[in-house]
Amino acid sequence: SQIVQHTACNGSSGLGLYSRPFIESFEETPMLVAVLTYMGYGILTIFGYLRDFLRDWKIERCHVAREREEQRDFVPLYQDFENFYTRNLYMRIRDSWNRPICSVPGAKVDLVERVSPDYNWTFDYTGKVVEGVINMGSYNYLGFAENTGYCADASAEVTMKYGVGVASTRQEMGNLDRHEEMEELVAKFLGVESAMAFGMGFATNSMNIPALTGKGCLILSDELNHASLVLGARLSGSTIRVFKHNNMQSLEKMLRDAIVHGQPRTHRPWKKILILVEGIYSMEGSIVRLPEVIALKKRYRAYLYLDEAHSIGALGPGGRGVVDYFGLDPRDVDVMMGTFTKSFGAAGGYIGGRKELLEYLRSHSHSAVYAASMSPPVVEQIIASMKCIMGEDGTTLGRDRVQQLAENTLYFRRRLTEMGFIIYGNSDSPVVPMMLYMPAKIGAFGREMLKRNIGVVVVGFPATPIIESRARFCISAAHTKDMLDTVTIPPCLAQNGYLFHTKDIKSVHLWSCVLPFFLPFYSFHFLVQRFPNLGTVLKIEKMGWIEKIKLTLVGYPPIPLSGGCM
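Residues numbered from 1 in each chain as written. Predicted model: local features only at pLDDT ≥ 70, side-chain atom pairs only at ≥ 80, totals over all residues. Heavy atoms only, no water.

Chemist: When you look at the sheet that holds strand 7 (residues 239-243) in this model, what are you seeing that I'm missing?
Modeler: Backbone-to-backbone hydrogen bonds join strands into a sheet, with any given pair of strands oriented parallel or antiparallel. With mixed pairing, the 7 strands of this open sheet are ordered in space as 5-11-10-9-8-6-7. Of all strands in the sheet, those with a lone pairing partner are strand 5 (194-198) and strand 7, marking the two edges. Within this sheet the neighbouring strands show an average axis-to-axis angle of 20 degrees, counted without direction. Note that strand 6 (residues 217-222) and strand 8 (residues 272-278) share 5 bridges and pair parallel. Within the sheet, the bridge partner assigned to L218 lies in strand 8 and is I273. In the packing of helix 6 (residues 227-236) onto the sheet, the strands contacted are strand 6, strand 7, strand 8 and strand 9 (303-307), and the crossing angle to strand 8 comes to about 165 degrees. Along the sheet, helix 7 (residues 248-261) makes contact with strand 6, strand 7 and strand 8, crossing strand 7 at roughly 150 degrees. (Pairing = 2+ DSSP bridges. Helix = DSSP H or I, 4+ residues; strand = E, 2+ residues; numbered from the N terminus. Axes fitted to C-alpha atoms, helices over the stretch in contact; angles between N-to-C directions. Contact = heavy atoms within 4.5 Å.)

Chemist: I keep staring at the UniProt feature "transmembrane region" (unreviewed entry) in the chain and nothing clicks. Help me out?
Modeler: With numbering matched to this structure, UniProt assigns "transmembrane region" (unreviewed entry) to residues 31-50. Within residues 31-50, the helical portion is 100% and the strand portion 0%, while the C-alpha atoms at the span's ends are 29 Å from each other. (UniProt positions renumbered as here; feature names shortened; annotations may be inferred.)

Chemist: For this particular structure, what's the right way to read the environment of T29?
Modeler: Secondary-structure assignment places T29 in the loop between strand 2 (22-27) and helix 1 (31-56). What makes T29 buried here is its relative accessible area of 17%. Residues T29 and I422, 393 residues apart in the sequence, show an inter-C-alpha distance of 9.9 Å. Excluding its chain neighbours within four sequence positions, the residues that come into contact with T29 are A34, Y437, I467 and E468. (Buried < 20%, exposed > 50% of the residue type's maximum accessible area, 1.4 Å probe, protein only.)

Chemist: Would you explain the side chain of N120 in this entry?
Modeler: Mapped onto the secondary structure, N120 falls in the loop between strand 3 (108-115) and strand 4 (124-135). Accessibility expressed as a relative area gives 6% for N120, which makes it buried. A polar contact of 3.0 Å, which involves the side chain of N120, links it to the backbone oxygen of M91. (Polar contact = N/O pair within 3.5 Å; in protein donor to acceptor, adjacent residues only side chain to side chain.)

Chemist: Help me out: how do you make sense of the pairing of strand 10 (residues 335-339) in this one?
Modeler: Consecutive residues of a regular strand have side chains that alternate between opposite faces of the sheet. Burial analysis of strand 10 places 5 of its 5 residues in the buried class, the great majority of the element. Bridging between strand 9 and strand 10 involves 3 bridges; their strand directions are parallel. Among the inter-strand pairings, Y305 is bridged to a residue of strand 10, identified as V335. Here strand 10 runs beside strand 11 (residues 349-353); their pairing, made up of 4 bridges, is antiparallel. Its bridge partner lying in strand 11, M337 is registered against I351.

Chemist: Honestly, the packing of helix 5 (residues 201-212) against helix 6 in this entry has me stumped. Any pointers?
Modeler: Two measures define how a pair of helices packs: the angle their axes make with one another and the distance between the axes. Where helix 5 meets helix 6, the axes come as close as 7 Å, and the angle between the chain directions of the two elements is 20 degrees. Comparing their axes, helix 6 and helix 5 come out roughly parallel. For the element pair helix 5 and helix 6, the recorded crossing hand is right-handed. When helix 5 is examined against helix 6, the residues F202, N205, S206, M207, I209 and P210 are found in contact with a partner set consisting of A227, S228, L229, L231, G232, A233, L235 and S236. Partitioning the contact of helix 5 with helix 6 into residue classes produces 9 nonpolar, 5 polar and no charged. (Parallel < 35°, antiparallel > 145°, perpendicular 65-115°, else oblique. Left-handed = near helix turned anticlockwise from the far one by under 90°. Nonpolar A, V, L, I, M, F, W, Y, C, P; charged D, E, K, R; others polar.)

Chemist: Quick question: what am I supposed to make of the sheet that holds strand 3 here?
Modeler: Spatially, the 3 strands line up as an open sheet ordered 3-4-14, and their pairing is mixed. The open sheet has two edge strands with one neighbour each: strand 3 and strand 14 (454-455). When strand 3 meets strand 4, the two strands line up antiparallel, connected through 6 bridges. Its bridge partner lying in strand 4, V115 is registered against D124. Its contacts with the sheet put helix 15 (residues 481-488) on strand 3, strand 4 and strand 14, and the angle it makes with strand 4 is roughly 115 degrees.

Chemist: I keep staring at the nonpolar core and nothing clicks. Help me out?
Modeler: Note on soluble globular proteins: their nonpolar side chains tend to be buried together. Counting 96 residues, the largest nonpolar core has M136, F340 and F473 as the members making the most contacts within it. Look past the residues within four positions of F340 in its chain and what remains in contact with it is V186, A197, G345, A346, A347, G348, G349, Y350, M374, I382 and M386. The next biggest cluster of nonpolar side chains, apart from the first, holds 18 residues, and it includes M196, I219, L229 and A233. (Core = buried A, V, L, I, M, F, W, Y, C linked by side-chain atoms within 4.5 Å.)

Chemist: Just to check I follow, could you spell out unusual backbone geometry for this structure?
Modeler: Most peptide bonds take the trans form, and the phi angle of most residues other than glycine is negative. The omega torsion across F461 and P462 is 10 degrees, close enough to zero to call that bond cis. Along the chain, the position of P462 falls in the loop between strand 15 (457-459) and strand 16 (469-474). Notably, H267 is not glycine yet its phi reads approximately 60 degrees, a positive angle. Position of H267 among the secondary structure elements: in the loop between helix 7 and strand 8. The residue R301 is not glycine, and still its phi comes out positive at about 55 degrees. Secondary-structure assignment places R301 in the loop between helix 8 (290-300) and strand 9. Residue classification places R301 among the exposed positions, given a relative accessible area of 77%.

Chemist: Sorry if this is basic, but what is going on with the pattern of salt bridges here?
Modeler: Side-chain pairing between opposite charges can occur once the charged atoms of the two side chains come close. For the coordinates displayed, the defined rule picks out 27 salt bridges. With its nearest N and O atoms 2.6 Å apart, the salt bridge here joins E380 to R178. Here E380 is found in helix 12 (residues 376-390), whereas its partner R178 is found in helix 4 (residues 177-190), with 202 residues between them in sequence. There is no split in this pair, since E380 and R178 are both buried. With a closest N to O distance of 2.8 Å, E392 and K188 form a salt bridge. You can see E392 sitting in the loop between helix 12 and helix 13 (397-418) and its partner K188 sitting in helix 4, a full 204 residues away along the chain. Judged by relative accessible area, E392 falls into the partly exposed class, the value being 37%. Where salt bridges share partners, they join R51, D52, R55, E60 and R87 into one cluster. (Salt bridge = Lys/Arg side-chain N within 4 Å of Asp/Glu carboxyl O.)

The structure is reproduced here in structure tokens:
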């Protein structure tokens, strides 16, 4: 495989736009791993068609919603073929998602235990609670998702005064004084003229982009942009062109072509060119090359829409996002968008920019005109947490949390790299993707980590490329060093790394990739516990690289399959 590193620093790359090293690492998928991954999906597809055949002939029970026999001649309500992935691939690992929690989503969470009697088609709750699970999946970057402390007390006080619901839109009877204060604070925090808040982060993108562009406009979108940006671009009716992820050469070529050729057929100039990028890309852990994007935007006189959902609060010395991280002028970004759902422990989103822009959106955005106002306790959570970050609460708690998040991020990424795992993204990004590749490992890795009282998010196709399934860790300022060590030291992540061959991935063996697909129990453990002679693992020896990649049939090692990691 090949490790691709993008490095830019002042005077060496990016036209001297960077005042600090900018390092991102992406390792290309090894050829053997790619072939075996495609083989795994191929086997799943073949068996999926076989199981669909058995269901059609009533040999296997069908759990899927279907039309009744007397309605077969009607226009179908359920597209069986379109749901093929859900029936035959997703259901095998469905237990890795939608796990119900019954506590604050802080550094540790309590999970409601559930079991499935029919291979993840339905779940039964046992009535037990799995307590103290280390939470490596929530976007609680600064640890403000809590039920005690300054923010929680302020929200509780406002709830007693204003209630929970507003029961109106902002334009009618739902504009509270707390809403006005929040928007003024957001504008001050971002360093812009004005700001506006919305009740839903997804709708902040999907409902406001159509208000900014329309027919005759061109949108240049990063290929890894969030679904909300993609939906907003499609709803706008604008022409959409996609450039390679964080690739400034690709973006500049599209800008140049747009200026030279204009609109298709008529060749008239575009009414508007809007560049859509994110601060931190939540699946890759990469940070936008904002200095170069701004330079291109100025050169070709385009507009820039920056989505800081994951970067606001999590980057920069003052927690003000990717603009603060690079030391840039917020006025160079035309539309600054972000959410309150992550670093602030609340809900909703915002847009900041020039006063004229925000006045326009107040009367033209569907999300502003028709949506109900934000709940008062949510608004107060935003105000309290933002004041805490800015230091206006009279303490250094917010600044300390921003610094702690940066330290935790560097420590955790360094630990994974030293252990030999393949991780993606920028060294300063609190989103840490660890590559799994094989579809069989998606569910198995999540289950094994949960057995060790660690909750992780596993992601696969179609949310990622088909050969790039991964586990995604989200670092929080609330995590202690002991918690991060518990995740990374044996017998937790290290043992799972050897067990599922996510370490030294170039040496992966065929058995570990293919056999799980033939089993009704979707864990490699079930096989090796009952047939020890088939246990095929890597014998990692402290010798040369040839010995490291040597495959040896050694039987299953004595690794505990349950219990904690301490």
